[in-house]
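Observations on chain architecture
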Amino acid sequence: TTPPMVENGSPSEITLDEFEDLAALSKNNDSTVSITVVGASGDLAKKKIFPALFALYYEDCLPKHFTIFGYARSKMTDAELRNMVSKTLTCRIDKRENCSEKMEEFLERCFYHSGQYDSEGHFIDLDKKLKQHEGSRVSNRLFYLSIPPNIFLDVVKCASKSASSVNGWTRVIVEKPFGRDSESSAALTRGLKQYLVEDQIFRIDHYLGKELVENLSVLRFSNLVFEPLWSRQYIRNVQLIFSEDFGTEGRGGYFDGYGIIRDIMQNHLLQILALFAMETPISLEAEDIRNEKVKVLRSMKPLQLEDVVIGQYKSHTKGGTTYPGYIDDKTVPKDSVTPTFAAAALFINNARWDGVPFLMKAGKALHTKRAEIRVQFRHVPGNLYKGSFGTDLDRATNELVIRVQPDEAIYLKINNKIPGLGMRLDRSNLNLHYAARYSKEIPDAYERLLLDAIEGERRLFIRSDELDAAWSLFTPLLKELEEKRIAPELYPYGSRGPVGAHYLAAKYNVRWG
Ligand code: NDP
Ligand code: BG6
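The following paragraphs examine the structure supplied in this document. (Residues numbered from 1 in each chain as written. Chains lettered and ligands numbered in written order. Predicted model: local features only at pLDDT ≥ 70, side-chain atom pairs only at ≥ 80, totals over all residues. Heavy atoms only, no water.)

Here nine strands make up an open sheet; going across it, the order is S16-S15-S14-S13-S7-S12-S11-S8-S18 and the pairing mixed. Only two strands of the sheet have a single partner each, and these edge strands are strand S16 (425–433) and strand S18 (489–492). Between one strand axis and the next, the sheet turns by 20° as a mean value, whatever way the strands run. Each of strand S8 (308–314), strand S11 (341–346), strand S12 (358–363) and S18 touches helix H15 (residues 500–507); the most contacted strand, S11, lies at about 5° to it. (Pairing = 2+ DSSP bridges. Helix = DSSP H or I, 4+ residues; strand = E, 2+ residues; numbered from the N terminus. Axes fitted to C-alpha atoms, helices over the stretch in contact; angles between N-to-C directions. Contact = heavy atoms within 4.5 Å.)

The next thing to look at is unusual backbone geometry. Following lysine 176, the chain continues to proline 177 via a peptide bond in cis, the omega torsion being 0°. Considering the arrangement of structural elements, one finds proline 177 in the loop between strand S5 (170–174) and helix H7 (182–195). Between glutamine 405 and the following residue, proline 406, the backbone shows a cis peptide bond with an omega angle of -15°. Note that proline 406 resides in the loop between strand S14 (399–405) and strand S15 (409–417). Of note in this structure, aspartate 60 is not a glycine but carries a positive phi near 60°. Its location among the elements puts aspartate 60 in the loop between helix H2 (43–58) and strand S2 (66–72). By relative accessible area, which is 62% here, aspartate 60 ends up exposed. Of note, the phi angle at arginine 485 is positive, near 45°, even though the residue is not glycine. (Buried < 20%, exposed > 50% of the residue type's maximum accessible area, 1.4 Å probe, protein only.)

Around ligand 2, the surrounding shell consists of Lys176, His206, Tyr207, Lys210, Glu244, Arg251, Asp263, His268, Lys364, Lys369 and Gln405. Note that an oxygen atom of ligand 2 is positioned 2.8 Å from one of the side-chain N or O atoms of histidine 206. With respect to ligand 2, the side chain of glutamate 244 contributes an N or O atom lying 2.6 Å from an oxygen atom. Its free accessible area being 400 Å², ligand 2 has 83% of it covered by the protein chains. With respect to the pocket detection grid, ligand 2 is positioned in the largest pocket. (Near = heavy atom within 4 Å. Polar contact = N/O pair within 3.5 Å; in protein donor to acceptor, adjacent residues only side chain to side chain. Areas by Shrake-Rupley, 256 points an atom, 1.4 Å probe, with all protein chains shown as cover. 1 Å grid on protein atoms, 1.4 Å probe; cavity = no way out; pocket = protein on both sides within 12 Å on 5 of 7 lines; lining within 4 Å. Sits in = over half its atoms within 2 Å of the grid points.)

All of the buried residues along helix H3 (residues 78–86) are Leu81, Met84 and Val85. Buried residues in H3, looked at end-on, bunch into an arc of 95°, giving them a common side. Residues of H3 that are buried sit in contact with H2, helix H4 (99–108) and strand S3 (110–114). (Arc of directions from axis to C-beta.)

This paragraph deals with a nonpolar patch on the surface. A grouping of Leu384, Tyr385 and Met423 is seen on the molecular surface, where their side chains present a nonpolar patch of about 350 Å² in accessible area. Within the fold, methionine 423 resides in the loop between S15 and S16. In this structure methionine 423 comes out as partly exposed when scored by relative accessible area, which is 43%. (Patch = residues over 30% accessible without salt bridge, like charges linked within 9 Å, V, L, I, M, F, W, Y side chains within 5 Å. Salt bridge = Lys/Arg side-chain N within 4 Å of Asp/Glu carboxyl O.)

So, about the packing of helix H5 (residues 120–134) against helix H6 (residues 152–162). Closest axis-to-axis distance for the H5/H6 pair is 9 Å, and the angle between their directions is 50°. The orientation of H5 relative to H6 falls into the category oblique. Crossing angle aside, the handedness with which H5 passes H6 is right-handed. Every residue of H6 that contacts H5 at Glu120, Phe123, Ile124 and Asp127 is listed here: Val155, Lys157, Cys158, Ala159, Lys161 and Ser162. (Parallel < 35°, antiparallel > 145°, perpendicular 65-115°, else oblique. Left-handed = near helix turned anticlockwise from the far one by under 90°.)

Dropping the structure here:
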């Protein structure tokens, strides 16, 4: 629980006693949470935020008293918002009881307020409406900034001055991108901190809310068999792979200003890397985990251009269908050199990971959709069974695969004897396949993260020093790529990406999994 913002827009100064009273009050059963989705008419709000809020409601995870407000410039009535939202709500697959009834109940708690993003007057009107719903209860307020980043500060300024809670907490979830480089990110952080204290800012990276990313620490720290192997002594390389089988269709305008390195690598993949490589935290408290992650990020070797390959997809015709190239999108300049694919070799300069390549690969319009962490172990020294696999000696190494999506799984590739006479070896999977093991549907990442923000749990959100460290790693590379206008290697839509990625991996004696 954090101090509420005050009228003049700077974080309030209150005594510890007052603060503790407020904290106790806001935990009170008689408190209410008002969630304002700013940019409610947009794609993310419809696709992810409202469905996640409904799923939380369906699972009885939202507080007893809550209200949801959509806020955007588009003119809409409450009924029109409800109609829009209802189209994307679904019930959990394992229990569909009372689904339509629950949807109706949920929609009745959803309202809409149309306003400009930079108008204090319009936020005062919102505040009045929120108060009508909150009544005399302690009011806690969550603002979700689901809007383009250039208007984040306008909204934070207006919301903090005119619509922050006077007797409970006020929190703001900020969507990525958090700037384009170190400078713009620092400017955004400075701007936010004019109106909010760090504890009120929840920078979301939805990959941290994915079930298998959450499970990464459990796998490592609760199983004796993994942690002793988690170092340069036994691990040959680690691969972090993100691939989508569709292009930037419809988002070309946004994407061209950012590119795949900022869209996926600097945040989603780097966050996974930090969690994967961190030392054991003192506890599972947010600050203990974030302290360990930031140490990893700060220990990383500066990224060299020769350790990076970039690509851009081009049009491709298959089975009579023509798939458009990146620059065929009308919102993308014809001479764009923005990468839609990138592969990079990163290194952590610490005792645990010295010399181990962490290979990242992220791309749009590839042949498959998947996100995976692949850990390739070293060869068994003095392998007794060399030759028993046939000619492919590489097959003898173990590999641990954490398939984040789709079809979540964790499997370990091991060597075993093929049953029968003689000594021929095979490779098999010890497989934890989530769909086979658990019947319950895995919650969407946004559900977990929204719930955490409501509960004030910061573990899965990005702290400002983590963000600084992440940008410090990528900014010099991005500047060099952009200043030199380095041309990306073209790859056909639906292919495996540029061949350069394979040469990069081969340079470190790695084969992509
Ligand atoms: P949209 O482009 O759909 O924008 C959301 C709303 O913001 C729009 O409905 C519009 O509402 C308003 N808006 C759009 N452009 C402007 C503008 N130039 N000036 C003022 N208002 C504008 O964005 P998304 O919903 O796709 O994404 C929201 C945020 O989430 C962005 O920061 C995005 O980068 C991030 N994000 C999105 C993802 C996605 O899958 N869509 C994934 C991860 C992050 P109105 O006109 O009614 O005011
Ligand atoms: C977003 C990126 O952060 O993540 C998108 O901006 C990408 O480009 C998306 O498509 C992928 O998320 P998910 O959860 O569908 O893998």
